[in-house]
Amino acid sequence: MISAFFVILVAFLAGMDGILDEFQFHQPLVAATLIGLANGHVTEGIILGGMLQMLALGWMNIGAAVAPDAALASVVSAYLVTGPAQVNIQEGMAIAIPLAVAGQVLTIGVRTITVGLAHIADKQAEKGNLRGIDFVNIGALMLQGLRIAIPTAFVIVLGAGPVNAALDAIPDVITKGLAVAGGFIVVVGYAMVINMMATPKLWPFFFLGFALAALTELNLIAMGIIGTVLALVYLQLAPEFNDSGNGGNGGGSAGSGDELDAILNNY
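This one's a predicted model, so the numbers in the text were calculated from it and none came from an experiment. (Residues numbered from 1 in each chain as written. Predicted model: local features only at pLDDT ≥ 70, side-chain atom pairs only at ≥ 80, totals over all residues. Heavy atoms only, no water.)

Student: How should the overall build of the chain be read in this particular structure?
Tutor: Within the chain, the regular secondary structure consists of 12 helices and zero strands. The order of helices and strands in the chain, counted from the N terminus, is α-α-α-α-α-α-α-α-α-α-α-α. Relative to its full complement of 267 residues, the chain shows a buried share of 30%. Nonlocal contacts in the chain, meaning residues at least 24 apart in sequence, comprise 65% of its contacts between residues at least 6 apart. As presented, the chain carries roughly 15,700 Å² of accessible surface, and 71% of it is formed by carbon and sulfur atoms. (Helix = DSSP H or I, 4+ residues; strand = E, 2+ residues; numbered from the N terminus. Buried < 20%, exposed > 50% of the residue type's maximum accessible area, 1.4 Å probe, protein only. Contact = heavy atoms within 4.5 Å. Areas by Shrake-Rupley, 256 points an atom, 1.4 Å probe, with all protein chains shown as cover.)

This is the structure:
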């Protein structure tokens, strides 16, 4: 019961933060890790969360367009992997995709409801009732939390037996197809990360990391330490980050040609 309570609490926070975007509870890596921690299977939660995080890199709300919901996909799939159902990680990845679409439909429904709440808030504003406006805003936010918490609670109440039976009833062509599709999306996520760092100055470090990973038995912690050390050395040697580029006058920003940075640096 305690683990179920914490799972629902994480689900509620993830649903709210999907709108707040403040504490990152809705991010797959955070949500899945916390669900795994609540169920006593942290390793599986971290692995699933990391894979889902790469999948969700391209999911973002742009204007009125609502992206697939990472919160519902992360929480429910993580519970199925780390909870009593003990679904394997690949199946969890495959389940996450339709869950994200279902969460997208749910969030559109909740946002439609909050249109009415906005009118209530307008009436409270006309009365000068600031407390009433606060209650309306908090109520709308709690609806987003319930949007994730209620489906999660339903899966928990349903139990491992019916969940496994439902999953077994899905044809292999669908689950395997979704798993392959999820793998492709993960590759797109990696490509997006590489695209953000695709500069001539960073490419050597990128290939160096791959070479070290392939030719040595260094784990991720060791690779992270090496990367941090190389970054610090680079910051000390690169002309744009120190005074060597302009004879020591005005700092490195002045040498880079940015007048605003040069003025701020002089202060």
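Having seen the model, we can carry on.
Student: I tried to follow unusual backbone geometry on my own but got confused; where do I start?
Tutor: Trans is the prevailing form of peptide bonds, just as negative phi is the prevailing case for residues other than glycine. Residues other than glycine seldom take positive phi values, yet Q24 does so here, at roughly 65°. Mapped onto the elements, Q24 comes out in the loop between α1 (2–20) and α2 (28–39). Of the residues examined, Q24 reaches a relative accessible area of 28% and is grouped as partly exposed.

Student: What is the right way to look at the side chain of Q124 in this model?
Tutor: The topology assignment puts Q124 in helix α5 (residues 89–126). Judged by its relative accessible area of 16%, Q124 falls in the buried class. Those residues in contact with Q124 that lie beyond four places of it in its chain are N129, G132 and I133.

Student: Please explain the packing of aromatic side chains as it appears in this structure.
Tutor: Under the defined criterion, the tally for this structure stands at six aromatic pairs. Judged by centre distance (5.2 Å) and plane angle (85°), the ring pair of W203 and F206 falls under edge-to-face. Of this pair, W203 and F206 both sit in helix α9 (residues 203–215), three residues apart, which is roughly one turn of that helix. For F206, a relative accessible area of 18% translates into the label buried. Aromatic pair F205 and Y234: ring centres 5.7 Å apart, planes at 85°, arrangement edge-to-face. (Phe/Tyr/Trp six-rings, centres within 6.5 Å; stacked < 30°, edge-to-face > 60°.)

Student: Would you mind going over helix α6 (residues 130–158) with me for this structure?
Tutor: Every α-helix carries 3.6 residues per turn, so stepping three or four residues along brings you back to the same face. Over its 29 residues, α6 extends 42 Å from the first C-alpha to the last, a length consistent with the 42 Å expected when each residue adds 1.5 Å. Maximum bend of α6: about 30°, positioned at L146. Among the residues of α6, those classed as buried are G132, V136, A140, Q144, G145, R147, I148, A149, T152, V155 and I156. Measuring from the backbone nitrogen of R131 back to the side-chain oxygen at the start of α6 gives 3.3 Å, which picks out N129 as the cap. Two residues or fewer after α6 comes G159, characterised by a positive phi angle close to 90°. (Expected span 1.5 Å × (residues − 1). Bend = angle between axes of the 7 residues up to and from the residue. Polar contact = N/O pair within 3.5 Å; in protein donor to acceptor, adjacent residues only side chain to side chain.)

Student: Hey, could you run me through a nonpolar patch on the surface in this one?
Tutor: A surface patch of nonpolar side chains, amounting to about 500 Å² of accessible area, comprises I221, I225, V229, V233 and L237. Tracing the sequence through the fold places V229 in helix α10 (residues 220–237). (Patch = residues over 30% accessible without salt bridge, like charges linked within 9 Å, V, L, I, M, F, W, Y side chains within 5 Å. Salt bridge = Lys/Arg side-chain N within 4 Å of Asp/Glu carboxyl O.)

Student: Whenever I open this one, the packing of α1 against helix α4 (residues 70–82) confuses me. Can you help?
Tutor: How two helices pack is summed up by the angle between their axes together with the distance between the axes. Their axes nearest at 9 Å, the elements α1 and α4 cross at an angle of 165°. Considering the angle they form, α1 stands roughly antiparallel to α4. Relative to α4, the crossing made by α1 is right-handed. On α4, the residues that touch V7, A11, A14 and G15 of α1 are A71, V75 and Y79. Grouping the amino acids of the contact of α1 with α4 by side-chain chemistry returns six nonpolar, one polar and no charged. (Axes fitted to C-alpha atoms, helices over the stretch in contact; angles between N-to-C directions. Parallel < 35°, antiparallel > 145°, perpendicular 65-115°, else oblique. Left-handed = near helix turned anticlockwise from the far one by under 90°. Nonpolar A, V, L, I, M, F, W, Y, C, P; charged D, E, K, R; others polar.)

Student: What's the story with the environment of F12 in this structure? I'm lost.
Tutor: Tracing the chain through its elements places F12 in helix α1. Along the backbone, F12 and I150 are 138 residues apart, and their C-alpha atoms lie at a distance of 8.5 Å.

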